[in-house]
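Examining the three-dimensional arrangement
This is what each chain is made of:
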Number of protein chains: 4
Amino acid sequence: MHEPNILESNVRSYSRSFPEKFNKAYGAKLYAANGKAYIDFLSGAGALNYGHNNPILKKSLLEYIKNDGVTHSLDMSTSAKDNFIKIFNDFILAPRNMKYRLQFTGPTGTNAVEAAIKTAMLATGRSRMFSFTNSFHGMTLGSLQLTANKYYRDGLKLSNSFNTFMPYDGYINNSIGYLEKLLQDPASGVDIPAGIIVETIQGEGGVNTASKEWLQALQQLCKKHGILFIIDDIQVGCGRTGTFFSFEDYKLDPDIIVLSKSLSGYGLPMAIVLLKEQHDIWEPGQHNGTFRGNNLAFITASQAINTYWKTSDFELETKNKSIFFFRAINEVIQTLNLQELISVKGRGMIAGLSFKFENLANEVSKEAFLRGLIIETCGPKNNVLKLLPPINTANTLLAQGCEILSESIKAVLMKNNVRKIA
Amino acid sequence: MHEPNILESNVRSYSRSFPEKFNKAYGAKLYAANGKAYIDFLSGAGALNYGHNNPILKKSLLEYIKNDGVTHSLDMSTSAKDNFIKIFNDFILAPRNMKYRLQFTGPTGTNAVEAAIKTAMLATGRSRMFSFTNSFHGMTLGSLQLTANKYYRDGLKLSNSFNTFMPYDGYINNSIGYLEKLLQDPASGVDIPAGIIVETIQGEGGVNTASKEWLQALQQLCKKHGILFIIDDIQVGCGRTGTFFSFEDYKLDPDIIVLSKSLSGYGLPMAIVLLKEQHDIWEPGQHNGTFRGNNLAFITASQAINTYWKTSDFELETKNKSIFFFRAINEVIQTLNLQELISVKGRGMIAGLSFKFENLANEVSKEAFLRGLIIETCGPKNNVLKLLPPINTANTLLAQGCEILSESIKAVLMKNNVRKIA
Amino acid sequence: MHEPNILESNVRSYSRSFPEKFNKAYGAKLYAANGKAYIDFLSGAGALNYGHNNPILKKSLLEYIKNDGVTHSLDMSTSAKDNFIKIFNDFILAPRNMKYRLQFTGPTGTNAVEAAIKTAMLATGRSRMFSFTNSFHGMTLGSLQLTANKYYRDGLKLSNSFNTFMPYDGYINNSIGYLEKLLQDPASGVDIPAGIIVETIQGEGGVNTASKEWLQALQQLCKKHGILFIIDDIQVGCGRTGTFFSFEDYKLDPDIIVLSKSLSGYGLPMAIVLLKEQHDIWEPGQHNGTFRGNNLAFITASQAINTYWKTSDFELETKNKSIFFFRAINEVIQTLNLQELISVKGRGMIAGLSFKFENLANEVSKEAFLRGLIIETCGPKNNVLKLLPPINTANTLLAQGCEILSESIKAVLMKNNVRKIA
Amino acid sequence: MHEPNILESNVRSYSRSFPEKFNKAYGAKLYAANGKAYIDFLSGAGALNYGHNNPILKKSLLEYIKNDGVTHSLDMSTSAKDNFIKIFNDFILAPRNMKYRLQFTGPTGTNAVEAAIKTAMLATGRSRMFSFTNSFHGMTLGSLQLTANKYYRDGLKLSNSFNTFMPYDGYINNSIGYLEKLLQDPASGVDIPAGIIVETIQGEGGVNTASKEWLQALQQLCKKHGILFIIDDIQVGCGRTGTFFSFEDYKLDPDIIVLSKSLSGYGLPMAIVLLKEQHDIWEPGQHNGTFRGNNLAFITASQAINTYWKTSDFELETKNKSIFFFRAINEVIQTLNLQELISVKGRGMIAGLSFKFENLANEVSKEAFLRGLIIETCGPKNNVLKLLPPINTANTLLAQGCEILSESIKAVLMKNNVRKIA
């Protein structure tokens with residue numbers, strides 16, 4: 001087993017979960033230095049929707065570098081950036097009848113979330129935010145206030161000064177009704193926030209999906225109270241659910257959308273905030289950063305859109321693949337007769353297997369890794385296996401992954417005598 | 001003049017200061033789409049110490065991409081990462097007798113600063129920080145609290161909840177004495193902080209340099225009170241001052257060092273926190289992030305160290321170049337007989353020209369751009385021209401840049417009849 | 001109509017609601033300088049449970065002053081204080097099998113609440129609090145964070161840094177279930193607080209009463225999570241509900257109890273915090289204050305206990321009076337056939353008449369004042385008339401007050417043609 | 001030795017320093033239950049400027065109570081209150097050409113300070129405050145942020161969210177210059193505050209006096225930046241320095257003045273905020289409180305003004321007494337030849353004896369108590385003896401107190417062999 005470098009901080013995590021030194025990657029596979037191949041159902045936590053080192057994107061990238069295209073230019077205009085803006089508008093925004101300005105922030109999701117928080121505060125003149133139970137929005141101190149899991153805050157003596165956590169869809173009965181009551185009651189103690197930020201599917205939180213109706217009601221509540229409705233589409237945007245944005249089928253019209261992870265399509269750091277023109281209250285450079293224009297990412301992001309999003313083919317393909325994927329997952333569970341032990345969540349190409357008993361999910365993840373499948377756990381108690389393969393993974397490989405999953409579950413159940421427990 | 005894309009948020013800034021669409025870059029030069037060449041005395045605000053698209057680094061990068069080396073892998077172990085850690089330790093840390101753990105954070109300076117803040121708080125159990133007047137540490141809400149210029153906070157109704165600004169070297173007489181008095185007095189109102197973060201040269205703040213004695217006294221004060229001494233070497237580390245770290249000649253032993261900008265050597269997003277083993281209190285994944293392992297950056301960063309830092313040649317070269325550079329700058333001022341109007345600050349390959357009257361620096365920057373030189377302003381009132389060429393810029397090009405600078409100053413003075421004003 | 005003095009700040013309020021200059025007071029009556037008498041159903045917002053200038057207490061007070069008993073002594077030991085502690089323990093605490101330490105704070109409810117907050121934080125090492133929707137706990141900046149009505153915070157750009165508002169009994173279905181879920185879920189975003197502070201009846205909030213079951217479940221939840229269970233009995237303690245503490249019939253065992261208002265029995269400023277010995281973590285003088293020993297208040301408080309709480313007579317009397325009081329109130333409503341327009345809340349000697357339509361309650365209050373009855377409104381929209389007569393008001397006077405109330409309601413309904421509206 | 005009641009919280013403090021049960025008091029003397037008399041150089045920490053149970057005030061008080069004058073009336077108009085406002089305006093404000101509105105807050109200094117903070121924030125729309133090193137402004141969580149001594153905050157994990165401590169007169173060279181630099185520099189990190197609150201003499205902080213020039217410069221700086229200039233005259237107002245306000249000789253024109261302690265003249269809880277009309281931005285009841293109209297205190301406060309402040313006799317008398325007092329103190333030190341060990345601070349009728357070595361002041365306080373003199377220590381390290389006799393103490397009694405002080409110092413020095421140490 002590969003030992004992570006002793007000089008790396010204790011904060012390292014995936015190198016512990018998947019103790020192997022990798023040196024090559026292609027499509028839905030990662031290859032260890034020792035030659036062993038792994039099917040990747042993690043996909044860089046959603047950063048590799050089109051697979052590792054996608055050959056079409058790679059070609060454009062190599063060419064650009066070879067020709068000494070501008071690599072770093074702060075936020076100056078470059079051909080790469082101008083082209084990206086044009087392509088993003090022409091093939092993503094315009095066809096969906098969406099009108100947004102693009103804000104290029106530091107190239108990480110958390111940085112874009114921070115910009116979204118500031119935008120909401122500056123645009124409304126208010127000072128508070130709502131996020132939801134089991135949400136994840138990042139690790140910098142602003143985003144961290146929006147992130148629910150106390151694991152990330154433990155030991156930090158920082159007061160949660162501007163955010164209030166509200167119950168997500170299904171957390172209590174009629175959570176929107178509760179929010180509405182709080183906002184209408186001048187003595188609820190809860191001030192009307194600048195913005196409400198929500199994930200349509202809570203990836204880290206346990207693959208919890210919000211319903212169309214709930215999201216629509218949330219948006220309506222925002223509009224009514226002049227609250228900026230912010231969708232954090234970092235993990236499930238860029239095609240993960242089938243459509244480019246995760247909420248396209250829900251007729252939502254968010255004030256702000258945050259994208260990152262798979263935006264560059266090649267795993268390169270990139271993040272943007274989409275904001276309505278009327279909320280674009282920024283002064284020049286008021287939210288700056290050295291890497292807010294990653295030109296290499298612009299090149300691959302443009303190529304990704306050109307390749308996958310000019311027509312609806314890819315979208316249809318993904319929707320079909322999703323059906324295949326969930327059928328395969330459900331088959332695993334039914335064949336093993338585990339419907340009482342494991343429930344399936346998710347949509348599109350993100351699936352969650354929620355285990356009734358704690359620890360099992362972690363053990364399955366370990367077993368699967370030994371068998372050549374990379375798959376991580378999530379949820380407040382890490383009892384949910386999160387399946388996140390590249391969205392263009394071949395069905396045969398999806399099936400193969402599910403087969404390994406099945407065997408791993410069997411092995412873990414046997415080891416734990418779970419039948420008897422259950 | 002190039003108009004920045006109307007779809008980009010108002011927050012865009014350098015595309016306003018330097019209204020041109022760039023499409024190629026090489027060494028100390030940026031090339032516009034229209035073919036015009038510019039000498040780059042901005043260097044990505046310090047992210048391009050070895051020049052644009054450095055050919056040696058480029059070669060390694062192309063090869064790695066071509067061979068499908070892992071591009072994105074969260075914080076898993078990869079050959080690229082392991083190799084970087086080894087090279088960084090062998091050629092940067094070990095020869096300087098420095099022992100630090102490496103924390104890979106989201107690949108931006110501000111993210112690394114946020115990690116440093118958290119480390120200080122977790123390691124000491126305390127909840128407050130000190131930063132300094134005119135400091136700049138980033139834009140996410142934690143780093144923003146450490147950043148002095150109110151421009152970045154204007155309109156945000158956020159209380160500055162954990163940071164106190166202290167006077168930087170020269171801001172008042174005996175600022176260390178004042179700090180010491182505050183820390184020793186149980187009724188000063190000022191609690192002993194978890195950490196003190198300082199730039200040895202305040203880049204954004206106006207090219208203010210702290211003296212060796214002041215920094216040593218600050219470190220001593222930190223040690224005495226169990227405060228983590230944190231050096232933000234983002235802008236002036238990685239060789240900018242001649243040595244790899246900006247404080248090497250000062251016999252300092254910081255608890256935490258933050259690096260980013262030129263770390264990858266190629267303008268690729270990358271950031272690390274160096275921390276002493278005893279402060280490495282992190283739980284696995286407690287500060288996570290999708291792009292905390294940018295393998296392409298590991299490749300170029302390793303190559304940069306291999307190329308420039310294995311021997312002391314580059315360091316010596318830079319020191320000589322610095323002498324040439326400052327001589328050229330001083331010549332400009334003396335020739336124009338402007339010693340009363342402009343004072344020169346800085347060391348190594350960062351220089352600041354501080355103008356007695358506001359606005360002049362901005363006008364000179366604009367004039368210089370028209371004449372083919374990219375140079376930005378800094379300082380609380382933007383009255384300091386900051387000269388930040390790639391540190392390996394040829395002397396002839398440095399001279400050429402200074403020549404343009406001279407002409408630009410002349411033009412602006414003439415336009416403003418400054419002789420008469422002064 | 002009396003005009004309040006123009007030199008008094010705009011913050012004055014009751015002098016606006018009841019525009020009269022008063023100069024004498026006795027029992028349940030206030031007398032204006034012009035001789036007009038008013039029945040007082042406000043009782044100093046609960047500070048005059050035994051009536052104005054209660055003659056038995058007055059006698060002790062005069063004697064003490066005449067004899068040059070210590071008036072002011074900071075928190076030194078005095079005969080008056082020692083005697084109060086003894087009497088309070090012998091006749092209030094001991095017979096109820098309650099063991100508490102007494103903390104004398106600045107002589108206002110809000111000051112005692114602030115001490116309770118600090119105690120909870122110091123005793124648990126935690127930093128957050130829960131209070132409830134529609135709660136009122138005071139105006140100083142700590143208590144203000146616990147107070148729900150935004151009227152008191154409007155315009156203050158202070159972040160609510162340590163308190164979270166939770167739904168009070170009846171605010172949502174199963175609010176305790178929701179709290180329990182939040183506290184058990186490590187990713188709810190809601191940290192386990194140091195303390196939870198609750199009013200058994202929300203006086204300012206609209207005379208909302210919490211049920212025995214809800215309060216018991218809340219206490220159980222506190223015990224389970226090591227949260228200090230704090231009852232703010234400022235408005236409805238000291239006999240208002242019939243028993244000395246408002247929760248005596250509920251078998252509660254709070255960690256902290258806050259008392260003020262009627263504690264001195266004579267309207268003199270006084271406040272105490274009762275805290276369990278194990279939570280008495282204070283260092284000497286760590287929460288100090290000039291007036292934390294109001295000896296005149298000790299004298300009248302001791303006499304009040306001696307007079308009313310040595311036997312159970314007063315308690316029984318009040319319980320009977322409460323039956324009479326609520327019967328009279330309900331008669332008013334039934335006689336006017338207003339069951340659909342007005343609902344009755346409260347218990348003991350605090351009653352709330354909640355009006356379906358806003359403004360009516362305020363108009364009734366004005367009408368009643370013209371007719372010689374002082375009665376204020378409460379609730380988030382001021383649509384609840386709060387009836388708070390001295391608890392020893394003679395039944396004839398209670399009846400007289402209800403008669404005036406009836407006439408006032410009739411007059412207002414007529415003026416507003418409410419029958420038609422309803 | 002008297003043991004404080006075991007049922008009283010550990011927070012009790014003066015009952016520890018002065019372990020005696022008192023039961024009577026008159027003028028400058030406190031009498032223990034056992035008959036022992038003590039000279040009182042503590043005066044309720046400044047709450048008893050006219051002595052204990054002043055007979056003239058007592059007479060008015062008894063009469064008012066006897067006649068059933070209104071005791072408690074929230075903030076309704078009463079004859080007692082109207083009369084106080086009139087007398088305060090006619091004999092305190094008008095003759096000094098001062099125009100202020102009166103805000104009656106909860107009857108404690110800290111409550112009035114909280115109101116002042118809110119006023120500053122509401123009137124300026126800003127959110128921050130400045131107070132000074134070694135300041136004391138109270139214990140509620142808002143005032144506590146303004147209070148410098150960490151003893152009062154220890155263990156509370158509350159972020160200091162709105163206050164910044166600035167160096168008091170003499171803390172550093174040219175502290176006003178430093179403040180001015182911070183406020184003028186847009187990148188100092190220090191925002192322009194809503195208000196600056198200052199004590200002209202820091203009582204708790206060690207009897208530190210600010211000079212006329214420093215206070216005038218501070219006021220000028222406030223005016224220049226639109227900052228509310230707030231004087232906390234709680235401890236040294238109401239005649240302590242000779243004049244009614246402590247700053248009368250300094251030609252200051254504060255925006256807000258906070259008074260409490262000796263305002264009632266009889267040790268009764270009372271506090272007011274004086275604020276300029278243009279800052280009176282309050283909504284009715286926006287800062288409320290049950291005891292904000294303590295009518296008994298209005299009676300004695302009015303009588304105190306009538307008695308002592310209608311003419312300048314008392315002021316002249318106090319100034320002469322101050323000369324006598326300081327001469328007596330200095331004689332003690334010179335006679336004992338302790339000029340190197342003890343320095344004298346203060347003015348008017350407040351004096352501080354600052355000991356070079358820690359602990360000595362505490363020991364002297366204990367010795368003095370045994371000898372019948374009550375005198376407390378102050379300062380960050382409790383090394384300052386604070387002499388605060390009633391300002392109308394007879395010279396013979398002052399001399400007698402100084403005699404006891406002299407003996408106590410001698411005894412302590414002998415016990416400690418201080419000559420040798422020094």
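Residues numbered from 1 in each chain as written. Chains lettered and ligands numbered in written order. Predicted model: local features only at pLDDT ≥ 70, side-chain atom pairs only at ≥ 80, totals over all residues. Heavy atoms only, no water.

**Quick notes on the packing of helix H11 (residues 360-370) of chain D against helix H12 (residues 395-416) of chain D**
Packed helices, taken two at a time, are described by their axes: the angle between them and the distance between them. All names here are of chain D. For clarity, the threshold we go by: To obtain an axis, a line is fitted to C-alpha atoms, over the contacting stretch when the element is a helix, and the angle between two such axes runs from 0 to 180 degrees between their N-to-C directions. Secondary structure elements follow DSSP: runs of H or I no shorter than four residues count as helices, runs of E no shorter than two count as strands, and numbering proceeds from the N terminus. Geometric relationships in this document are graded by angle, where less than 35 degrees denotes roughly parallel, more than 145 denotes roughly antiparallel, 65 to 115 denotes roughly perpendicular, and other angles denote oblique. Left-handed describes a crossing whose near helix is turned anticlockwise from the far helix through less than a right angle; right-handed describes the clockwise counterpart. Note on contacts: a residue pair qualifies if any of its non-hydrogen atoms lie within 4.5 Å across the two residues.
One can describe the packing of H11 onto H12 by two numbers: an axis separation of 8 Å at closest approach and a directional angle of 125°. The angle between the axes of H11 and H12 places the two elements in the oblique class. Between H11 and H12 lies a crossing of right-handed hand. Residues Leu 360, Glu 363, Val 364, Glu 367 and Ala 368 of H11 form the contact with H12, whose own contacting residues are Ile 404, Leu 405, Ser 408, Ile 409, Ala 411, Val 412, Leu 413, Lys 415 and Asn 416.

**Section: the relation of the copies chain D and chain C**
Test applied: Only residues with pLDDT of at least 70 in both copies contribute their C-alpha atoms to the least-squares superposition of the copies.
Least-squares fitting of chain D to chain C yields an RMSD of 0.0 Å, with the transformation described by 0.0 Å of translation along the axis and a rotation of 180°. In short, the pair behaves as if placed about a two-fold rotation axis. For chain D, the residue whose C-alpha comes nearest the rotation axis is Leu 141 of chain D, separated from it by 2.8 Å. Residue by residue, 100% of the interface of chain D is reproduced at the interface of chain C, so both copies engage with the same surface.

**Structural notes on helix H9 (residues 295-308) of chain D**
Residue and element names in this part refer to chain D. Our working rule: Helix span, expected: 1.5 Å multiplied by one less than the number of residues in the helix. Classification of residues uses two cut-offs on accessible area relative to the type maximum, computed with a 1.4 Å probe and protein chains only: under 20% is buried, over 50% is exposed, and between them is partly exposed.
End to end, H9 covers 20 Å across 14 residues, agreeing with the expected 20 Å (1.5 Å per residue, within 8%). Regarding H9, the residues found buried are Asn 295, Leu 296, Ala 297, Phe 298, Ile 299, Thr 300, Ala 301, Ser 302, Ala 304, Ile 305 and Tyr 308. In the core, the buried residues of H9 are packed alongside helix H3 (55-66), strand S4 (77-78), helix H4 (79-93), strand S5 (101-104) and helix H10 (313-335).

**Comments concerning the pattern of salt bridges**
As a reminder of what qualifies: In what follows, salt bridge is the name for a side-chain nitrogen of Lys or Arg lying within 4 Å of a carboxyl oxygen of Asp or Glu.
On inspection of all chains with the given rule, the structure shows 76 salt bridges over all chains. The residue Glu 367 of chain D makes a salt bridge to Arg 371 of chain D at a minimum N-O spacing of 2.2 Å. Since its relative accessible area comes to 35%, Arg 371 of chain D is described here as partly exposed. Members of the salt-bridge network, linked through shared partners, are Glu 367, Arg 371, Glu 407 and Lys 415 of chain A.

**Let's talk about the domain arrangement of chain A**
Residues and elements named next belong to chain A. So the rule is basically this: For every domain, the bounds stem from an assignment made automatically or drawn from a database. Buried area counts how much accessible surface, traced with a 1.4 Å probe, disappears from two parts once they are put together, with both parts' losses summed. Polar contact criterion, stated in full: a pair of N or O atoms within 3.5 Å, where within protein one must be able to donate a hydrogen and the other to accept it, and residues adjacent in sequence count only if both atoms are side-chain atoms. By the convention adopted, Pro, Cys, Tyr, Trp, Phe, Met, Ile, Leu, Val and Ala count as nonpolar, Lys, Arg, Asp and Glu as charged, and the other residues, Gly among them, as polar.
When its domains are assigned, chain A resolves into domain 1 (4-54 + 312-415) and domain 2 (57-308). Each of domain 1 and domain 2 was reduced to a C-alpha centroid, and the two centroids are 25 Å apart. Counting residues at the interface gives 34 residues for domain 1, matched by 33 residues for domain 2. Summed over both sides, the interface between domain 1 and domain 2 buries roughly 2700 Å², with carbon and sulfur atoms accounting for 48% of that surface. By the criterion of area lost to domain 2, the three top residues of domain 1 are Tyr 50, Asn 54 and Arg 347, representing 28% of everything that side buries. Where domain 1 touches domain 2, the interface holds 2 salt bridges. Its salt-bridge partner being Asp 249, residue Lys 319 comes within 3.6 Å of it at the nearest N-O pair. Here domain 1 and domain 2 share 21 residue pairs in polar contact (both at pLDDT 80 or more) between them. Of all the secondary structure elements, the ones that give two or more residues to the side of domain 1 that touches domain 2 are helix H2 (43-46), helix H10 (313-335), strand S14 (342-347), strand S15 (350-355), strand S17 (376-378) and strand S18 (384-387). For the side of domain 1 that touches domain 2, a count of residues per class yields 15 nonpolar, 13 polar and 6 charged.

**Focus: the nonpolar core**
Formally: In these notes, a set of buried Ala, Val, Leu, Ile, Met, Phe, Trp, Tyr and Cys residues joined through side-chain atoms within 4.5 Å is what counts as a nonpolar core.
Membership of the largest hydrophobic core comes to 458 residues, with the highest contact counts inside it found for Phe 88 of chain A, Phe 88 of chain B, Phe 88 of chain C together with Phe 88 of chain D. Residue contacts for Phe 88 of chain C: discarding those within four places in its chain leaves Leu 93, Leu 102, Phe 244, Phe 245, Leu 259, Leu 263, Ile 272, Leu 274 and Ile 305 of chain C.

**Things to note about the interface of chain D and chain C**
Taken together, the contact pairs 105 residues of chain D with 105 residues of chain C. Taken together, both faces of the contact between chain D and chain C bury some 9300 Å²; the carbon and sulfur share is 60%. It is Leu 7, Val 11 and Phe 291 of chain D that lose the most area in chain D upon contact with chain C, and together they represent 8% of the buried surface on that side. Counting across the interface, chain D meets chain C through 6 salt bridges. Applying the counting rule to chain D against chain C returns 54 residue pairs in polar contact (both at pLDDT 80 or more).

**Some thoughts on the interface of chain A and chain B**
What counts, and what does not: Note: two strands are recorded as paired if DSSP finds a minimum of 2 bridges between them.
Between chain A and chain B, the residue contacts involve 105 residues of the former and 105 residues of the latter. Of the roughly 9200 Å² buried between chain A and chain B on both sides combined, carbon and sulfur atoms contribute 60%. If you look at where chain A meets chain B, you find 6 salt bridges. Between Lys 58 of chain B and Asp 68 of chain A there is a salt bridge whose closest N-O contact spans 2.8 Å. For the interface between chain A and chain B, the tally reads 54 residue pairs in polar contact (both at pLDDT 80 or more). For the side of chain A that touches chain B, the leading source of residues is helix H5 (residues 109-124) of chain A, giving 7 residues. Class assignment of the residues belonging to the side of chain A that touches chain B gives a composition of 48 nonpolar, 36 polar and 21 charged. Two elements, strand S1 (residues 21-26) of chain A and strand S4 (residues 77-78) of chain B, share 2 bridges in a ladder whose sense is parallel. The partner of Phe 22 of chain A across the bridge, within S4 of chain B, is Thr 78 of chain B.

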